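Residue-level structure breakdown
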Amino acid sequence: MDLNSASTVVLQVLTQATSQDTAVLKPAEEQLKQWETQPGFYSVLLNIFTNHDLDVNVRWLAVLYFKNGIDRYWRRVAPHALSEEEKSTLRAGLITNFNEPINQIATQIAVLIAKVARLDCPRQWPELIPILIESVKVQDDLRQHRALLTFYHVTKTLASKRLAADRKLFYDLASGIYNFACSLWNHHTDTFLQHISSGNEAAALNSLERTLLSLKGRSVDTDTVFRDKLEKTIILFTKVLLDFLDQHPFSFTPLIQRSLEFSVSYVFTEVGEGVTFERFIVQCMNLIKMIVKNYAYKPSKNFEDSSPETLEAHKIKMAFFTYPTLTEICRRLVSHYFLLTEEELTMWEEDPEGFTVEETGGDSWKYSLRPCTEVLFIDIFHEYNQTLTPVLLEMMQRLQGPTNVEDMNALLIKDAVYNAIGLAAFELFDSVDFDQWFKNQLLPELQVTHNRYKPLRRRVIWLIGQWVSVKFKSDLRPMLYEAICNLLQDQDLVVRIETATTLKLTVDDFEFRTDQFLPYLETMFTLLFQLLQQVTECDTKMHVLHVLSCVIERVNMQIRPYVGCLVQYLPLLWKQSEEHNMLRCAILTTLIHLVQGLGADSKNLYPFLLPVIQLSTDVSQPPHVYLLEDGLELWLVTLENSPCITPELLRIFQNMPPLLEQSSENLRTCFKIINSYIFLSSTEFLQTYAAGLCQSFCELLNDITTEGQVQVLKVVENALKVNPVLGSQIFQPILPCVFRGIIEGERYPVVMSTYLGVMGRVMLQNTSFFSSLLNVMAHKCNQEMDQLLGNMIEMWVDRMDNITQPERRKLSALALLSLLPSDNSVIQDKFCGIINISVEGLHDVMTEDPETRTYKDCMLMSHLEEPKATEDEEPPTEQDKRKKMLALKDPVHTVSLQQFTYEKLKAQQELLGEQGFQSLMETVDTEIVTQLQEFLQGF
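None of these values were measured; they are calculated from a predicted model. (Residues numbered from 1 in each chain as written. Predicted model: local features only at pLDDT ≥ 70, side-chain atom pairs only at ≥ 80, totals over all residues. Heavy atoms only, no water.)

What about the overall build of the chain?
Assigned secondary structure in the chain consists of 45 helices and 2 strands. Out of the 939 residues belonging to the chain, those deemed buried represent 52%. Long-range pairs, those at least 24 residues apart, make up 73% of the contacts in the chain between residues at least 6 apart in sequence. When the accessible surface of the chain is summed, it comes to about 43,700 Å², and 51% of that surface belongs to carbon and sulfur atoms. (Helix = DSSP H or I, 4+ residues; strand = E, 2+ residues; numbered from the N terminus. Buried < 20%, exposed > 50% of the residue type's maximum accessible area, 1.4 Å probe, protein only. Contact = heavy atoms within 4.5 Å. Areas by Shrake-Rupley, 256 points an atom, 1.4 Å probe, with all protein chains shown as cover.)

The structure is reproduced here in structure tokens:
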């Protein structure tokens, strides 16, 4: 919206909107509503309400529209959010001058500045407070008054923020301006008294108003700072007790009785009313909880095995926690501390997402009263469940049937009791027929749509989520899914968010059945996506994304028809979340499950997907600190599900060398990614990156753990499996290390096994390269080739037991047999060992057909065989298919060891003649020869 041309038009429409004539007023209001989301509209409004020459009613209306726009469009993730550039301009314009002549408009401007400050101060608006402080110092009465008015509304608004991080920021701010506010109050008080004594009534009233504004600003700071100092002093004493109990439980024993009496009296009787504060109550509850749970105070099942100190402490606990005491604690926890407070209900109305974050573990969760009371309840109920179960069941019994929506107190009591029943679900397993209760009581309560019933709708769906994995008949799940679909359309945002949480718990449960869920999938996915779009807070978006991810993961390919909207929305959300790395982590998790669900169709996501992987795995980009782990996982599943290589997918591998240099905990995933590239496009990948990769591997082999060495060697082994010739050429610098490791008898079995797997591939599938390698090693070791070969065969035979994988054991037999036929004296000298390995291999792979009494190689694979996936198994990925196709060309799966052994022995017999061959066979143990003959029957 061009400011110059738009100002006149907007001014005209605002003027019409102040008309008493409905025919003029309604179209104007409609036009203003359409402009709300237009870029530049709020800049025009700012110009209008700061122009003192215009009509007061028009300016008043402009201020109101501007204020409403802050609520709707100022947040970064809000739909149609204002651009950062426009917000910066508006912030600057709002504090350019404080000279508004009309009191009502001045108040509205102060309020809207405070609204912006709540969202942007101090991070995006660090200059606000310094400018306000400077402005209240000026001599101009009007400007000083307006600045003070704004100063009051800003501090009041910032003080109302509830999250711990926000409260910390406000405390820092309050500490910084406290002295200034005090001096301001003193100055205006003195000025007021001077005007009173001189009889200047108008000036006195003026000064008095400024004094009151200063006092309001000061009182916020004074309360915050003073209360904080007082709390810190008291908390210090309770912290000493808690630390003493934690570090020296037996030395604390003499204090158990007095600590319990002190804590329980202040927290659970009238003694504490009016004198306790939240953090103190939390510390007292922690003290009770630590005494109840302390293992040092719990005797063994056999009392005689317990120490005297333990028995003494246990005796004190048992004497204190009598039936009346436990009952009173339980009832007070539920009926007093579990009740939603007026402040919480107000927060629910004004900031539902903030309320949800607080309830589910925001920054202040650890030190908040509600979670502390819930943890104490769980611990005491677990410890004394036989005593407390009847108490809770009685409270539950009293609340059967519907509750009057006009009786808010009754609704809150029921909410609190349901909370307790949910928290104690595992303890109440045998005491509550939850399936009947669900059908007869809970489902009907979910169907009460009255606005006042929303705390109970939210609590009931939460309660079901707590019980669903404890005791919930599978047959009832469709009824629950129906209820979830209805609640995801509830008018209240908090109810919808809680419903999403229960949905996640339900689909995460081990009794989840896809067939029961599929009829509701489309509705639920659509409603979850709508919720994701509606919520604006980072934490809430993350939460809803996790629910969507969980659903996608459980239904896998069944999600394909419904993900179009999400696929289109995620790029926008990724862009909006540039400064919110944890939200981006949630997006990465969602993408991982999306790619797995879409399979080969995930290639359509590449324009968005590949740049996301690129950024997340680039160690030169600061966000990688948060995104790397999920980014690597996304990279891996993208490769596993890719139908073919693309230039962009190949290019991302440029991020890998720095990752290998880090030698971090992500190395295992990095190697999986490298293997996936080899399976996807070995020739193109290896030709492009092999030189650098081989260099990285050579450096890594000298500087990583045994497990890391195995991972490197597996990559080499896979490269040789996929492309024996190219693999041998590319990883030629590593193969001498492998050869040396074999002949020197590598001491770690798993490393030795991998060495033999690599060398077996070279010997069997690239004979000429093996000969050249043998020649190179002979020169390096200053030995004869035959002598070196003999040493290698001898060590291979000796360490065959290191190999546990059936594939590698068969490969070893094939590789050593491939040396036959030979008239080489060294090979003939090791003939016995080669036959021993061959027979071992035959024992591993041969299965007997009971009908024909003949043997068959069980590792042979046919083109006709298809993997048989059960209903619970995930469908094969594109990489699984590639591995299957590779196996169909692999000698291990295409060559019969039985036939190969026969043919090699036959060829050796033909080479040496019958007598020479018999002499060779006589070197083999007779028992081994007998077993060999059994396996070769029929040839």
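Let us keep going from here.
With respect to the side chain of Thr590
Structurally, Thr590 can be placed in helix α27 (residues 581–598). Classification of Thr590 as buried rests on a relative accessible area of 0%. Here Thr590 is in contact with Leu545, Ser549, Ile552, Leu566 and Leu570, once residues within four sequence places are set aside.

Brief notes about the environment of Asn97
The topology assignment puts Asn97 in the loop between α5 (84–94) and α6 (103–120). Classification of Asn97 by relative accessible area gives partly exposed; the value is 39%.

Considering unusual backbone geometry
Each neighbour pair has its own omega, and for Leu820 with Pro821 the value is -5°, a cis peptide bond. For Pro821, the position within the fold is in the loop between α39 (806–817) and α40 (825–829). Positive phi, close to 50°, is recorded for Asn556, a residue that is not glycine. Looking at Asn556, the relative accessible area reads 11%, which means it is buried.

Notes on the pattern of salt bridges
Applying the stated criterion across every chain yields a total of 36 salt bridges. Close ionic contact of Lys414 with Glu445 constitutes a salt bridge, the shortest N to O distance being 2.6 Å. Of this pair, Lys414 sits in helix α19 (residues 408–423) while Glu445 sits in helix α20 (residues 434–446), placing them 31 residues apart in sequence. By relative accessible area, Lys414 is classed as buried at 0%. Judged by its relative accessible area of 3%, Glu445 is buried. Shared partners join several salt bridges into a network, and the residues in it are Arg76, Glu84, Lys87 and Glu579. (Salt bridge = Lys/Arg side-chain N within 4 Å of Asp/Glu carboxyl O.)

Remarks on the environment of Leu634
Along the chain, the position of Leu634 falls in helix α29 (residues 624–640). Overall, the relative accessible area of 0% leaves Leu634 in the buried class. As a C-alpha pair, Leu634 and Thr617 span 17 residues in sequence and 9.9 Å in three-dimensional space. Apart from the residues within four sequence positions on either side, Leu634 is in contact with Leu588, Leu591, Ile592, Val595, Leu609, Val612 and Ile613.

Here we look at the nonpolar core
Taken as a class, soluble globular proteins show a tendency for nonpolar side chains to be buried jointly. In terms of nonpolar packing, the biggest core is built from 246 residues, with Phe377, Trp635, Ile674, Tyr677, Phe697 and Met759 touching the most fellow members. For this core, the element with the highest residue contribution is helix α32 (residues 667–701), accounting for 17 residues. Core analysis: the next-biggest nonpolar cluster, separate from the first, contains 49 residues, Val58, Leu61, Ala114 and Ala117 among them. (Core = buried A, V, L, I, M, F, W, Y, C linked by side-chain atoms within 4.5 Å.)

Considering a nonpolar patch on the surface
Together, Met582, Val625 and Tyr626 line one region of the surface with nonpolar side chains, adding up to about 330 Å² of accessible area. Of note, Met582 is situated in helix α27. By relative accessible area, Met582 is classed as partly exposed at 47%. (Patch = residues over 30% accessible without salt bridge, like charges linked within 9 Å, V, L, I, M, F, W, Y side chains within 5 Å.)

Digging into the layout of surface pockets
The volume enclosed by the second largest pocket comes to roughly 610 Å³. As for the second largest pocket, its lining consists of 25 residues, of which Phe679, Lys714, Asn718, Lys721 and Lys883 are closest to the centre. Secondary-structure elements contributing two or more residues to the lining of the second largest pocket are α29, α32, α33 (706–722), α39 and α42 (878–887). Here the lining of the second largest pocket is composed, by residue class, of 5 nonpolar, 8 polar and 12 charged. (1 Å grid on protein atoms, 1.4 Å probe; cavity = no way out; pocket = protein on both sides within 12 Å on 5 of 7 lines; lining within 4 Å. Points joined across faces, edges and corners; volume = space filled by probe spheres on them. Nonpolar A, V, L, I, M, F, W, Y, C, P; charged D, E, K, R; others polar.)

Points about the packing of helix α11 (residues 253–268) against helix α12 (residues 278–293)
Interaxial distance between α11 and α12 falls to 9 Å at its minimum, and their mutual angle equals 140°. Here α11 is positioned oblique relative to α12, judged by the angle of their axes. Classified by chirality, the crossing of α12 by α11 is left-handed. Across the interface between the two elements, Ile256, Ser259, Leu260, Phe262, Ser263, Val264, Tyr266, Val267 and Phe268 of α11 pack against Phe280, Ile281, Cys284, Met285, Leu287, Ile288 and Ile291 of α12. (Axes fitted to C-alpha atoms, helices over the stretch in contact; angles between N-to-C directions. Parallel < 35°, antiparallel > 145°, perpendicular 65-115°, else oblique. Left-handed = near helix turned anticlockwise from the far one by under 90°.)

Concerning the packing of aromatic side chains
By the definition in use, this model includes 33 aromatic pairs. Ring geometry for Phe320 against Phe321: centres 5.1 Å apart, planes inclined by 90°, an arrangement best described as edge-to-face. Just as Phe320 is buried, Phe321 falls in that class too. Taking the centre distance of 5.1 Å and the plane angle of 75° together, the rings of Tyr481 and Phe517 count as edge-to-face. Note that Tyr481 is positioned in helix α22 (residues 477–487) and Phe517 in helix α24 (residues 514–534), a separation of 36 residues in sequence. For the pair Tyr481 and Phe517, one class covers both residues: buried. Connected via pairs of aromatic rings, a cluster forms that spans Trp35, Phe41, Tyr42, Phe49, Phe66 and Tyr73. (Phe/Tyr/Trp six-rings, centres within 6.5 Å; stacked < 30°, edge-to-face > 60°.)

Quick look at the state of the cysteines
Summed over all chains, the structure comprises 0 disulfides. Distance from the sulfur of Cys698, which forms no disulfide, to the nearest cysteine sulfur (Cys694) is 4.4 Å. Since its relative accessible area comes to 28%, Cys698 is described here as partly exposed. (Disulfide = S-S within 2.5 Å.)

Overview of the packing of helix α36 (residues 749–765) against α39
Running from amino to carboxyl end, α36 crosses α39 at an angle of 45°, the nearest separation of the two axes being 9 Å. One way to sum up the angle between α36 and α39 is to call them oblique. Like other packed secondary-structure pairs, α36 and α39 cross with a definite hand, here left-handed. When α36 is examined against α39, the residues Ser753, Thr754, Gly757, Gly760, Arg761, Met763 and Leu764 are found in contact with a partner set consisting of Arg808, Leu811, Leu814, Ala815 and Leu816.

Details of the side chain of Glu445
Side chain to side chain, Glu445 and Lys414 meet in a polar contact 2.6 Å long. Those residues in contact with Glu445 that sit more than four places away from it in its chain are Gly401, Lys414, Tyr418, Tyr453, Leu456, Arg457 and Val460. (Polar contact = N/O pair within 3.5 Å; in protein donor to acceptor, adjacent residues only side chain to side chain.)

Considerations on helix α21 (residues 454–467)
Look at α21: 20 Å from first C-alpha to last across 14 residues, which is about the 20 Å you get at 1.5 Å a residue. Most of α21 is tucked away: 13 of the 14 residues are buried. (Expected span 1.5 Å × (residues − 1).)

Topic: the confidence of the model for the chain
In the predicted model, the chain carries a mean pLDDT of 88, and the fraction of residues at 70 or more is 90%. Across the chain, element-level confidence peaks in α22 with a mean pLDDT of 97 and bottoms out in helix α9 (residues 164–198) with 59. This stretch, residues 218–222, has a pLDDT under 50; its non-local contacts, to residues over four places away or in other chains, come to 13 contacts. (pLDDT = per-residue confidence, 0-100.)

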